[in-house]
Structure formats: structure tokens, C-alpha cells
Amino acid sequence: MAMSYDRAITVFSPDGHLFQVDYAQEAVKKGSTAVGVRGKNVVVLGVEKKIVAKLQEDRTVRKICSLDDNVFMAFAGLTADARIIVNRARVECQSHRLTVEDPATVEYITRYISSIKQRYTQSNGRRPFGISSLIVGFDFDGTPHLYQTDPSGTYHAWKANAIGRSAKTVREFLEKNYKEDMESDTDTIKLAIRALLEVVQSGGKNIELAIMKRDESMKMLAQEEIEEYVTAIETEKQKKT
Amino acid sequence: MALLDVCGISDWVKEDGFNAERASVDKVNHFNFAAQTPELAVPVGVDPAEFLRPLVDSEEGVDGVKINLEHGTTTLAFKFQHGVMVAVDSRASAGSYVSTQMFKKVIEINPFLLGTMSGSAADCVYWERVLAKECRIYKLRNKERISVSAASKLLANMVVNYRGMGLSMGTMICGWDKKGPGLYYVDDNGLRLCGNMFSTGSGNTYAYGVMDSGYRYDLSVPEAYDLAQRAIFHATHRDAYSGGTVNMYHMRETGWIKVSQEDVGDLYHRFFNEKK
């Protein structure tokens with residue numbers, strides 16, 4: 001009798017599920033992959049670029065958004081829902097700066113985004129947000145963080161994670177290849193690219209990458225730079241085999 | 001709606017019918033440091049400032065009734081190389097009547113944050129206790145103590161909503177946080193100033209005179225204690241509305257300590273005997 005329990009968001013099923021939230025997580029699994037890696041001095045977010053139609057300008061499709069000078073995020077799922085969340089988070093970052101006179105910590109803004117998502121799972125006539133997000137950045141005291149939120153409103157800190165299509169494959173790859181406190185920025189970036197290459201078709205030109213080093217602002221890598229990393233990775237692979 | 005406009009009601013009645021649902025989900029909450037505390041309800045259609053003005057400002061009052069919002073105090077605080085000194089008197093007065101000589105004009109918000117009070121005792125005590133509540137909630141939510149600038153900002157934002165409604169409060173928020181020693185002056189108009197030295201209250205001019213002539217950033221700890229005590233004492237000596245005891249606190253990197261609580265009469269004899 002699952003049908004009768006999944007109409008309204010505010011109704012639990014007999015076995016304790018909120019079906020609308022579960023279905024929202026299915027929507028997330030259909031979105032394009034995003035991967036996040038936290039190194040010692042750099043944080044990296046990579047997303048799989050969707051193949052755009054010939055006449056479409058691909059610069060207008062941005063899946064990595066900066067929330068403030070020290071925090072940025074990527075998402076998987078419904079792009080329109082993400083726009084709302086990003087907008088609210090940007091306002092909250094500035095509101096925090098205005099009231100507390102300090103930049104918001106990554107954990108604070110993650111907690112804020114999660115509380116918005118949770119409110120929409122407990123309210124009449126509304127559906128949950130259909131996105132999971134990866135939020136990365138540096139706190140005021142220089143510690144790097146990577147958090148993942150999901151449609152139910154929970155959040156967890158991760159060292160490296162992936163969301164969206166084939167997230168499981170990517171996460172297994174990360175578990176095998178992640179090293180604690182990677183000192184080298186290049187290694188961190190290469191790990192993110194290698195993880196994405198596992199699931200992205202046709203290599204480097206379908207990858208979008210953003211990095212942030214401590215005390216610097218977010219930098220979107222240009223296509224040529226990504227191609228350089230991809231070539232380096234290919235050469236390393238050749239050497240091993 | 002046209003009828004509401006003509007009656008002038010639409011100024012303060014919010015048309016929530018269409019947006020009611022949105023309001024419940026997007027309500028401003030403590031997460032965004034909601035400055036509008038719902039604790040004081042102001043009657044609809046009455047402008048409190050206009051209502052109070054004839055009672056307070058005019059000579060005869062209203063029907064012979066005049067509300068005497070007198071506030072006597074001297075408080076001071078200054079930053080120096082070893083932290084922040086805070087010194088206050090302890091007299092509470094209502095007009096020319098001394099209500100008590102033992103009033104606590106320093107509120108201990110947490111081991112690293114102090115607030116002083118001058119102006120209307122009721123306003124100060126109430127709002128600083130609300131501030132203390134907000135600071136505790138901040139610490140529970142964010143797992144670290146609130147910074148001095150954030151605490152003073154919260155207080156300023158709270159009172160600015162009641163601007164013009166007759167609040168009387170001049171306070172200094174002093175503390176030690178990740179950025180080092182902090183000292184902010186906040187008053188009932190919502191003014192918030194960061195500075196190295198402040199004195200508030202009816203006796204502040206006397207205190208400033210003594211402080212300015214003896215202040216250096218590189219005072220030693222005993223010298224700073226002496227300067228703060230002297231400044232308050234001299235203010236209580238000349239200002240009729242300050243007196244009682246001098247309560248002195250020292251804000252250090254490891255938190256505040258209460259240095260001393262001395263009766264101004266004893267201080268008088270100590271200082272004037274020095275001259276001999």
C-alpha cells in the first residue's frame with residue numbers, strides 16, 4: 001500500500017519512511033556527477049559537464065557556485081531547486097558577515113542549507129528540494145572543510161565524496177586512492193580528475209573543475225589546464241602498465 | 001485595498017492572506033540572528049515616541065504628571081597592554097532619591113565577556129540578560145564562544161528596533177576573543193563604537209578627566225588598577241548621582257577577574273591621606 005503514503009510529504013509510512021524524501025534522493029541520483037576532495041592546503045570540486053546542444057552557449061550552465069569568498073558548492077539534482085538554495089545561502093553568508101563581522105564558517109552555512117531543506121520536508125503543500133550538495137571552503141582560522149547535504153536535511157563532513165549519477169563507483173575509487181592530508185595541491189586536483197574520469201565519457205572536455213587554496217578566492221580551471229592534468233594522468237597510467 | 005488605505009490602517013497591518021503559507025516556512029528565526037525579539041509587544045496604531053514626549057520633555061508634563069527619567073552612574077573601561085580594565089560605581093538613583101548603594105552595574109555574561117550598565121537600570125538589566133541568553137545559545141549552536149564584536153552587534157540590533165520609544169541605555173561590552181581584547185560602546189540609539197577607552201553616565205566627564213591625564217597604553221597592571229579606581233572615585237566625589245562602591249574587573253587572556261570592591265568613603269581617606 002505504498003501508494004497511499006507517498007502523496008503527502010508530511011505522512012510517515014508504516015515502516016518509517018518519508019517517501020517523498022526518498023523519491024527526492026532518486027532525483028539526485030539522476031543528476032550529473034559531482035566530486036569533492038579536501039586536501040591539506042587546497043579544496044577541489046569537480047563536476048561532469050552535461051553535453052550541450054550545438055547552438056547552446058555552454059558558459060551559461062554553471063554547476064559550481066561560490067557562496068562567499070571562502071565557500072563554494074556544487075550540486076547534483078534539479079538545477080532550479082539548487083538556484084533557490086544557492087541564493088538563500090549567499091544572502092545568509094552576507095547576513096552573517098553583517099551581524100558577526102566575521103565570514104561564516106563552512107559548517108555554519110552547511111547547517112543553514114540543511115535546515116532549509118529539512119523545513120521543506122516537514123511542511124504542508126511543499127515538496128523537498130531535489131538536490132544534494134557538496135560544500136567546500138576554508139574557515140576563518142584556515143581549516144579546510146568538505147560537507148555533503150542531502151534532500152532530507154542531514155549533513156556530514158567528508159574527506160572526499162561524490163554525488164549524483166554513478167556516485168557509488170566514484171566513491172569506491174576515492175576510498176581506494178585517497179591519502180590523508182595530501183600536502184601537494186597537484187595530487188589533490190589529480191585525484192578529483194581521476195575520480196571523475198572513471199565515469200565521464202570522452203575525457204577532459206566534459207569536466208569542470210574549481211579549486212580554492214587557503215586565503216585565496218575560488219578559481220575555475222580553464223579547459224587547457226584540465227587537459228594538461230588529464231595528459232599527465234594518462235602518462236602516469238601508461239608508466240604503471 | 002482602497003478602503004484600508006483611506007483609513008490609514010494599511011500602514012501597519014500586513015496583508016498576509018496570500019503569503020501566509022510562505023511565511024510559516026520562511027519565517028525569520030534565530031539562525032539569521034533575528035533582531036526583532038518578540039518579547040515586547042508594542043500596541044498597534046500608537047507611536048510610543050510621540051506618546052511619551054509630553055510626559056518626559058515638557059516642563060509641566062501631562063495633567064501635572066511628569067516621568068523623571070534621570071539616570072546617574074559612572075562607568076568606564078579602557079584597553080591597555082595587559083587587557084581591558086572595567087570599573088563602575090554602584091549607586092542607583094530615582095531623581096534625588098538614592099535607591100541603593102549596592103547595585104551591580106556589571107553583568108558577567110560568560111567568563112570571557114562583561115557588560116556594563118548606565119542609564120535606566122531596568123532597561124540595562126533586561127536587555128543585557130537577553131544578550132546573555134543569545135550568547136549562550138550562540139555557544140551551544142556553534143560550539144565556540146561568541147566574539148565581542150558579534151555580541152555587541154546583537155545588542156545594538158536588538159535595541160535599534162525600539163529606537164525613539166524611550167529606552168535609556170549606555171553600555172560597554174568588554175571581552176577577550178580570538179582577535180584579542182575587545183571593547184565596544186553600545187547605546188539606546190543603536191550606536192555601536194569600537195574604541196580603546198570609554199566612560200558613560202552622568203559622571204563620565206569627571207572620569208574622562210582623570211583617565212586622560214593618567215592613561216598610557218603601556219601601563220603596568222597595578223598602575224591600571226589604580227587609574228581606573230581613581231577615575232571612578234573622583235567622579236563619585238563630584239557627581240551627586242554616582243557613589244556607593246567602586247567595582248573593578250580586569251579582562252585578561254584567561255578570562256575576567258574581579259579585582260576589588262571598595263567603598264568610596266574608604267577611597268576618599270586613602271587618596272586624601274596620600275597628599276599629606
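Quick caveat: nothing in here was measured; it's all calculated off a predicted structure.

Undergrad: Just checking my understanding: could you explain the overall build of chain A for this structure?
TA: Within chain A, the secondary structure is distributed over 6 helices and 10 strands. Computed over its C-alpha atoms, the radius of gyration of chain A comes to 18 Å, within 12% of the 18 Å expected for a compact globule of 241 residues. With the C-alpha coordinates of chain A rotated into their principal frame, the extents come out at 55 × 45 × 40 Å. Here chain A holds 241 residues, and the buried ones make up 50% of them. Considering only residue pairs separated by 6 or more positions, chain A has 62% of its internal contacts joining residues 24 or more positions apart.

Undergrad: How do you make sense of the overall build of chain B when you look at a structure like this?
TA: Scanning chain B from terminus to terminus reveals 8 helices and 12 strands. Expressed as a percentage of its 276 residues, the buried residues of chain B come to 45%. For chain B, the share of sequence-separated contacts (at least 6 apart) that also reach a separation of at least 24 residues comes to 62%.

Undergrad: Whenever I open this one, the side chain of Glu128(B) confuses me. Can you help?
TA: Residues and elements named next belong to chain B. For glutamate 128, the position within the fold is in helix α4 (residues 121-142). One buried charged side chain, glutamate 128, makes no salt bridge at all; its nearest oppositely charged neighbour is arginine 129, positioned 10.0 Å away. Every residue in contact with glutamate 128, bar those within four places of it in the chain, is listed here: Ile107, Gly115, Thr116, Met117 and Thr171.

Undergrad: Even after reading the chapter, I still don't get the nonpolar core, so can you show me in this structure?
TA: Grouped burial of nonpolar side chains is what soluble globular proteins tend to show. Counting residues in hydrophobic clusters, the biggest one holds 28 residues, and the most contacted among them are Val35(A), Val37(A), Leu174(A), Ile189(A), Ile193(A) and Leu209(A). Leave out the neighbours within four places in its chain, and Ile189(A) touches Val44(A), Leu209(A), Ile211(A), Leu221(A) and Tyr229(A). Membership of the second largest hydrophobic core comes to 27 residues, among which are Cys124(B), Leu131(B), Val148(B) and Ala150(B).

Undergrad: When you look at the pairing of strand β2 (residues 42-48) of chain A in this model, what are you seeing that I'm missing?
TA: All names here are of chain A. Across the 7 residues of β2, 7 count as buried, placing the element largely inside the fold. Of the two faces of β2, the one lined by Val42, Val44, Gly46 and Glu48 and the one lined by Val43, Leu45 and Val47 are each fully buried. Pairing of strand β1 (residues 34-38) with β2, which is carried by 5 bridges, proceeds in the antiparallel orientation. Its bridge partner being in β2, arginine 38 is matched across the sheet by valine 43.

Undergrad: Can you help me understand helix α6 (residues 204-214) of chain B in this one?
TA: At 3.6 residues per turn, the α-helix brings residues three or four places apart onto the same side. Residues and elements named next belong to chain B. Of all the positions in α6, only Ala207, Val210 and Met211 are classed as buried. Along the long axis of α6, the arc covered by the buried residues comes to 95°, so they all point the same way. Within α6, the exposed residues directed more than 90 degrees away from the buried face are Thr205 and Ser213.

Undergrad: Just checking my understanding: could you explain the packing of aromatic side chains for this structure?
TA: Two aromatic rings are characterised by how far apart their centres lie and by the angle between their planes. All names here are of chain B. Enumeration according to the criterion identifies 13 aromatic pairs over all chains in this entry. A centroid spacing of 5.4 Å and a plane angle of 45° characterise the contact between tryptophan 127 and tyrosine 162, whose relative ring orientation is tilted. Of the two residues, tryptophan 127 sits in helix α4 while tyrosine 162 sits in the loop between α5 (148-160) and β7 (170-177), which places them 35 residues apart along the sequence. Judged by its relative accessible area of 6%, tyrosine 162 is buried. Put simply, the rings of Phe233, Tyr268, Phe271 and Phe272 touch in pairs and so form one group of aromatic residues.

Undergrad: What should I look at first to understand the UniProt feature "active site" (unreviewed entry) in chain B in this one?
TA: Residues and elements named next belong to chain B. The UniProt record annotates "active site" (unreviewed entry) at Thr73. In this structure, threonine 73 sits in the loop between α3 (48-56) and β1 (75-80). Here threonine 73 falls in the buried class, since its relative accessible area comes to 3%. Sequence-distant contacts of threonine 73, that is, excluding residues within four places in its chain, are made with Asp89, Lys105, Met117, Ser118, Gly119, Thr200, Gly201, Ser202, Gly203, Asp239, Tyr241 and Ser242.

Undergrad: How do you make sense of the packing of α4(B) against α5(B) when you look at a structure like this?
TA: The geometry of a pair of packed helices is captured by two quantities: the angle between their axes and the separation between those axes. All names here are of chain B. Contact pair α4 / α5: the axes reach a minimum separation of 10 Å and the direction vectors enclose 130°. The pairing of α4 with α5 is recorded here as oblique in orientation. Both α4 and α5 take part in a crossing whose hand is right-handed. Contact with α4, carried on its side by Trp127, Val130, Leu131, Glu134 and Cys135, involves Ala151, Leu154, Leu155, Met158 and Val159 of α5 and no other residues of that element. Considered class by class, the residues forming the contact of α4 with α5 number 9 nonpolar, no polar and 1 charged.

Undergrad: Help me out: how do you make sense of unusual backbone geometry in this one?
TA: All names here are of chain A. For glutamate 101, which is not glycine, the phi dihedral falls at a positive 65°. Structurally, glutamate 101 is set in the loop between α2 (79-100) and α3 (106-119). On the accessibility criterion, glutamate 101 (33% relative accessible area) is partly exposed. The backbone of serine 166 sits at a positive phi, close to 55°, despite the residue not being glycine.

Undergrad: Mind showing me how you'd approach the pattern of salt bridges here?
TA: Two side chains of opposite charge can pair, provided their charged atoms sit close to one another. Tallied over the full model, the rule gives 25 salt bridges over all chains. In this structure, the salt-bridge partner of Lys40(A) is Glu183(A), at a minimum N-O distance of 3.0 Å. Remark: Glu183(A) occurs in the loop between α4 (167-177) and α5 (185-197) and Lys40(A) occurs in the loop between β1 and β2; sequence separation between them is 143 residues. Classification of Lys40(A) as partly exposed rests on a relative accessible area of 33%. Linking Lys153(B) and Glu101(A) is a salt bridge whose minimum nitrogen-to-oxygen distance equals 3.4 Å. Pair noted here: Lys153(B) is in helix α5 and Glu101(A) is in the loop between α2 and α3, and the two residues belong to different chains. Accessibility expressed as a relative area gives 14% for Lys153(B), which makes it buried. Each member of the salt-bridge network shares a partner with another, and the members are Asp68(A), Asp69(A) and Arg97(A).

About the criteria used
- Residues numbered from 1 in each chain as written.
- Chains lettered and ligands numbered in written order.
- Predicted model: local features only at pLDDT ≥ 70, side-chain atom pairs only at ≥ 80, totals over all residues.
- Heavy atoms only, no water.
- Helix = DSSP H or I, 4+ residues; strand = E, 2+ residues; numbered from the N terminus.
- Rg over C-alpha atoms; globule rule 2.2 N^0.38 Å.
- Buried < 20%, exposed > 50% of the residue type's maximum accessible area, 1.4 Å probe, protein only.
- Contact = heavy atoms within 4.5 Å.
- Lys, Arg positive; Asp, Glu negative; His and termini not counted.
- Salt bridge = Lys/Arg side-chain N within 4 Å of Asp/Glu carboxyl O.
- Core = buried A, V, L, I, M, F, W, Y, C linked by side-chain atoms within 4.5 Å.
- Pairing = 2+ DSSP bridges.
- Arc of directions from axis to C-beta.
- Phe/Tyr/Trp six-rings, centres within 6.5 Å; stacked < 30°, edge-to-face > 60°.
- UniProt positions renumbered as here; feature names shortened; annotations may be inferred.
- Axes fitted to C-alpha atoms, helices over the stretch in contact; angles between N-to-C directions.
- Parallel < 35°, antiparallel > 145°, perpendicular 65-115°, else oblique.
- Left-handed = near helix turned anticlockwise from the far one by under 90°.
- Nonpolar A, V, L, I, M, F, W, Y, C, P; charged D, E, K, R; others polar.

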